[in-house]
Amino acid sequence: MRDVAVVSFAQAPSRRRVPEQNEVEILMPVVAEAVEKSGVPRDKIGFTCSGSCDYLAGQPFAFVWGLEAIAAWPPIRESHVEMDGAWALYEAWVLLQEGEIDAALVYGFGKSSPGSIRDVLAMQLDPYYYAPMWPDAVSLAALQARALLESTDHTEREMAEVAARSRRDAKANPNAQVTGDFDVDQILSDPYIVSPLRKHDCAPISDGAAAVVIAAGDLARSVSERPAWIRGIDHRVEPHSLGARDLTASVSTAVAAERAGALNDKIDVAELLAPFTHQELILRDSLNLKNGSAINPSGGALAANPVMAAGLIRIGEAAARITSGAADRALAHATSGPCLQQNLVCVLEGE
Amino acid sequence: MAENMIVTMPIRLEYDYSPGAGRSRFLRGLERGKILGERCHVCHKVYVGGGSGACPRDGVPTEEVVELPDVGTITTFCVVNVPFAGATVEIPYVSASILLDGADIPLMHLIQEVNAEDVRMGMRVRAEWLPEAERIPSMDTIKYFKPAGEPDAPIDEVLKRMRADA
Amino acid sequence: MSKQLTAVVGIGQTKHDTKRDDVSIAGLVREAAVRALEDADMTWSDIDAVVVGKAPDMFEGVMMPELYLAEALGAVGKPLLRVHTAGSVGGSTAVVAAHLVQAGIHERVLTVAFEKQSESNAMWALAPKIPFQPTLVAGAGGYFAPHIREYIRRANAPEHIGREVAVKDRVSALKNPYAHLHMPDISMETVLQSPILWDPIRFLECCPSSDGACAMVMTNERVAKSASKPPAWILGTAIRSEPLGMAGRDEVNPRAGLDCAKDVYEQAGITDPRNQIDVVEMYVPFSWYEPMWLENLGFADEGTGWKLTDDGVTALDGSLPVNPSGGVLSSNPIGASGMLRFAEAAMQVRGTAGEHQVDGARVALGHAYGGGSQFFAMWVVSSTKPSEGP
């Protein structure tokens with residue numbers, strides 16, 4: 001396996017809505033910053049890959065706008081996945097493994113504010129059996145949370161503690177959207193949105209973008225004093241049918257983690273994409289993360305959730321902590337689909 | 001054999017559309033009866049109407065505003081003869097790429113007040129605006145482009161200049 | 001880590017049609033996937049990873065349908081990716097799948113591209129009304145017709161060329177049982193009689209709107225060596241993109257297409273495409289794009305592509321058959337069309353193209369494009385491995 005590292009990461013401050021800018025205008029400075037900070041000359045970036053979603057934007061071919069923001073001239077080697085930018089990073093990593101290209105630019109972007117995100121996400125469902133009922137994203141997550149509370153020892157208090165911890169840690173993150181000190185007892189007294197989920201159990205609605213530059217071997221070493229090496233990356237999908245899988249355990253996360261070599265050594269920092277508090281509990285269980293691991297020091301999705309960039313941001317945040325020396329080994333996770341259907345795990349290490 | 005089953009699922013999703021800063025400048029310009037282009041400080045090309053607020057070649061915001069005349073040259077066009085849902089114009093109609101004087105990228109708009117078969121590349125056209133009181137931040141504020149009553153521009157030269165420095 | 005030699009060992013496609021209401025979306029993709037697996041002499045459990053490709057989700061009204069299709073495509077427990085690069089997607093999806101094997105990540109990859117566009121409204125899905133913008137472009141033809149007009153002017157091409165392509169491809173399609181359009185009465189006259197939709201494009205010079213899917217199984221050399229049928233060896237893959245709204249773009253002869261072709265030819269050791277390539281499957285949604293792409297791909301000098309068409313060079317029995325499958329003009333499930341070009345090229349060099357087989361085809365080019373002529377994906381496949389020479 002060829003050594004490939006994250007050598008830079010940039011993101012837009014996540015906000016509830018950014019009406020004065022369109023997606024391209026939000027994305028452009030983020031890409032420019034990631035490329036500049038990377039130190040990799042523009043002409044050494046041999047591949048560009050992005051993640052975005054038409055239904056999020058409410059328009060077809062939404063990713064095409066991204067191309068207008070990245071100085072794609074002369075023509076570039078470029079591709080796109082209709083998935084979170086984390087999977088675009090995976091595709092770029094694969095290409096770098098072949099040995100002919102030494103660096104790639106990856107970005108993810110999206111505005112969740114234009115539409116009703118919880119209804120838009122219902123469009124992900126089986127169009128014959130599920131979608132006609134319009135089970136929105138919060139309701140499906142609540143179904144999963146209920147299953148978790150009833151079949152394990154996890155409690156609503158634990159969920160509230162995840163929320164409080166995330167927003168408290170997010171105070172140190174200038175790009176986070178929901179930050180502050182929340183009292184657990186107080187938020188537990190709030191009404192349910194969809195039982196057993198309360199407002200604090202849910203990620204905020206965010207507009208945002210993120211970009212990462214990855215580079216191989218000696219190029220990475222030449223531009224970064226402490227590159228965040230990708231030691232392993234894997235992703236797996238579970239059945240779509242909610243009744244065909246155990247919603248209280250994330251089997252695909254466990255498999256992806258194992259394939260990525262996550263548990264070979266201790267994890268200092270784990271950035272997990274959990275847009276709902278109970279999902280962090282499920283992921284921690286499936287990853288068997290021990291007490292020594294700091295979970296979502298960035299605040300995670302509960303502090304900022306720009307859909308289509310949120311997974312890439314987990315990788316970026318984990319990489320940033322490696323590069324700064326705050327951590328030696330980190331795990332980043334991304335998810336896609338209802339109730340953690342598809343999961344990606346990326347393991348990063350300092351040299 | 002049983003008839004194939006069809007499940008009909010109406011989908012209704014509402015979106016708040018943000019044109020963004022670049023397109024908003026352009027649209028507000030139209031409201032004031034002006035066509036505003038933007039020049040890229042790197043390649044110096046003048047963009048108009050595209051609305052990403054950025055130069056696609058250089059990946060930088062285009063912030064220098066350039067007021068453009070509302071007259072230009074048809075660089076290419078087609079005659080649309082196919083009806084479609086939501087059409088407001090009678091078919092056949094001409095949809096044309098119009099390179100406004102001073103712009104480096106054409107604008108697409110409707111051509112009227114001329115027979116479809118008389119439209120040609122190189123034809124000079126001028127914007128027909130809505131009355132001042134009716135103007136809004138929308139491309140519809142220009143109703144269409146019509147013949148400007150000038151001799152045709154030399155189309156080979158116009159196209160050559162448009163493609164220069166690509 | 002060096003690039004691993006990769007081959008196509010299984011190909012399958014659906015019968016393409018206006019409305020495949022005999023199958024669900026899952027049924028449609030499985031029809032192609034099962035055929036590809038059978039052609040490869042493999043089962044679902046042999047596959048290591050799945051790569052899905054399709055165009056905008058609004059064509060079916062299902063967002064990120066790979067999630068819904070996880071079970072149907074045997075992807076549970078496996079890596080699953082979904083590529084979306086507009087019209088070129090079928091091609092770029094094949095490229096992504098090839099990279100997974102070339103990079104040594106997986107040994108056997110299943111790739112599927114599809115569109116079941118009868119489920120939604122394709123014309124709307126291509127260009128829904130954007131606020132503050134007048135809707136002028138009624139369908140893709142409205143976008144491409146002006147560029148065709150410019151090509152005709154530049155090349156001083158006689159006006160009947162488009163009709164020749166329209167007839168040629170539909171005649172070829174009569175030999176392709178999977179093709180959507182089977183028009184035994186097609187002729188220069190019937191095309192001329194068909195209404196003009198977007199001048200200068202006539203109705204019978206346009207691609208249809210189809211439901212359909214295409215699938216391939218790709219493997220590394222070790223697995224391909226024991227394939228039951230001859231593999232199609234991938235000599236090169238390339239992708240290029242350019243911005244839509246850039247001043248100075250040439251949409252008639254796009255730079256991204258030129259650069260993409262140069263890249264794939266270099267990888268495949270092609271210095272003289274006209275003579276070294278035996279068959280071309282290129283993405284021609286409106287008939288005039290055949291002469292345009294012949295030039296963009298280096299088969300003819302600028303301004304002369306139409307002569308190859310006019311001289312019968314690109315006919316099924318010509319010296320450089322183009323779109324022996326009938327091409328996009330005969331079947332156009334948008335998300336799959338690019339992969340169909342790549343797959344049909346591979347079928348030719350494997351000798352499995354049935355009635356539309358070009359005799360002695362050893363090297364073939366598969367080509368796809370999308371967006372405002374801004375996304376390109378290409379591959380060159382051969383019946384012989386690179387080391388073995390032509």
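The model shown is predicted, which means the values in this text are computed figures rather than measured ones.

*Asks:* Describe the packing of aromatic side chains, listing the residues and the values that go with them.
*Replies:* Here the structure, examined in full by the defined rule, presents 17 aromatic pairs over all chains. Plain terms: the ring middles of Tyr-289 of chain C and Trp-293 of chain C are 5.2 Å apart, the flat faces sit at 50° to each other, and that makes the pair tilted. One end of the pair is Tyr-289 of chain C and the other is Trp-293 of chain C, both in helix 10 (residues 289-296) and 4 residues apart, which spans about a single turn. Residue Tyr-289 of chain C is classed as buried on the basis of its relative accessible area of 0%. Ring-pair connections join several aromatic residues into one group, and the members of that group are Tyr-143, Phe-144, Trp-198, Tyr-283, Phe-286, Tyr-289, Trp-293, Tyr-369 and Phe-376 of chain C. Sitting over the ring of Phe-77 of chain B, Arg-149 of chain C keeps its end group 3.8 Å from the ring centre. The side chain of Arg-255 of chain C reaches across the aromatic face of Trp-73 of chain A, ending 5.5 Å from its centre.

*Asks:* Account for the state of the cysteines, naming residues and giving values.
*Replies:* One pass over the structure, following the stated rule, counts 0 disulfides over all chains. Among the cysteines around Cys-49 of chain A, which has no disulfide bond, Cys-346 of chain A carries the closest sulfur, lying 15 Å off. Distance from the sulfur of Cys-206 of chain C, which forms no disulfide, to the nearest cysteine sulfur (Cys-207 of chain C) is 6.4 Å. Judged by its relative accessible area of 8%, Cys-206 of chain C falls in the buried class.

*Asks:* How would you explain the sheet that holds strand 1 (residues 35-39) of chain B if you had to name every residue and give the values?
*Replies:* Residue and element names in this part refer to chain B. The strand order across the open sheet built from 3 strands is 2-1-5, with neighbouring strands paired in antiparallel fashion. The two strands at the open ends of the sheet, each matched to only one other strand, are strand 2 (46-48) and strand 5 (64-68). Going across the sheet, the axis of each strand differs from the next one's by a mean of 40°, ignoring polarity. With 3 bridges joining them, strand 1 and strand 2 adopt antiparallel strand pairing. Bridged to Gly-37 within strand 2 is Val-48. In this fold helix 1 (residues 20-31) packs onto strand 1, strand 2 and strand 5, with an angle of close to 150° to the strand it touches most, strand 1.

*Asks:* So what about the layout of surface pockets? Which residues, and what values?
*Replies:* Empty space among the atoms becomes visible once a probe the size of a water molecule is rolled across them. Residues and elements named next belong to chain A. Taken as a whole, the second largest pocket spans an internal volume of roughly 980 Å³. As for the second largest pocket, its lining consists of 47 residues, and the residues nearest its centre are Ala-203, Pro-204, Pro-275, Phe-276 and Asn-305. For the lining of the second largest pocket, the leading source of residues is helix 6 (residues 137-151), giving 4 residues. Class assignment of the residues belonging to the lining of the second largest pocket gives a composition of 28 nonpolar, 12 polar and 7 charged. Looking at which domains feed residues into the lining of the second largest pocket, each of domain 1 (4-116 + 205-227) and domain 2 (117-199 + 229-349) gives three or more.

*Asks:* Provide a residue-level description of the pattern of salt bridges, including the pertinent values.
*Replies:* Residue and element names in this part refer to chain A. Throughout the structure, instances matching the rule amount to 63 salt bridges over all chains. Note that Asp-3 is salt-bridged to Arg-221, the shortest N-O span being 3.6 Å. With Asp-3 in the segment before strand 1 (4-11) and Arg-221 in helix 9 (residues 217-223), this residue pair connects regions lying 218 residues apart in the sequence. When its relative accessible area of 35% is taken as the criterion, Arg-221 is described as partly exposed. When the shortest N-O distance is used, the salt bridge between Arg-165 and Glu-280 registers 2.9 Å. You can see Arg-165 sitting in helix 7 (residues 156-169) and its partner Glu-280 sitting in helix 11 (residues 277-287), a full 115 residues away along the chain. Given a relative accessible area of 0%, Glu-280 falls into the buried group. Taken together, the salt bridges that share partners define one network made up of Asp-3, Asp-218, Arg-221, Arg-231, Arg-329, Glu-349 and Glu-351.

Basis of the calculations
- Residues numbered from 1 in each chain as written.
- Chains lettered and ligands numbered in written order.
- Predicted model: local features only at pLDDT ≥ 70, side-chain atom pairs only at ≥ 80, totals over all residues.
- Heavy atoms only, no water.
- Phe/Tyr/Trp six-rings, centres within 6.5 Å; stacked < 30°, edge-to-face > 60°.
- Helix = DSSP H or I, 4+ residues; strand = E, 2+ residues; numbered from the N terminus.
- Buried < 20%, exposed > 50% of the residue type's maximum accessible area, 1.4 Å probe, protein only.
- Lys NZ or Arg CZ within 6 Å of the ring centre and 35° of its normal.
- Disulfide = S-S within 2.5 Å.
- Pairing = 2+ DSSP bridges.
- Axes fitted to C-alpha atoms, helices over the stretch in contact; angles between N-to-C directions.
- Contact = heavy atoms within 4.5 Å.
- 1 Å grid on protein atoms, 1.4 Å probe; cavity = no way out; pocket = protein on both sides within 12 Å on 5 of 7 lines; lining within 4 Å.
- Points joined across faces, edges and corners; volume = space filled by probe spheres on them.
- Nonpolar A, V, L, I, M, F, W, Y, C, P; charged D, E, K, R; others polar.
- Domains from an automatic or database assignment.
- Salt bridge = Lys/Arg side-chain N within 4 Å of Asp/Glu carboxyl O.

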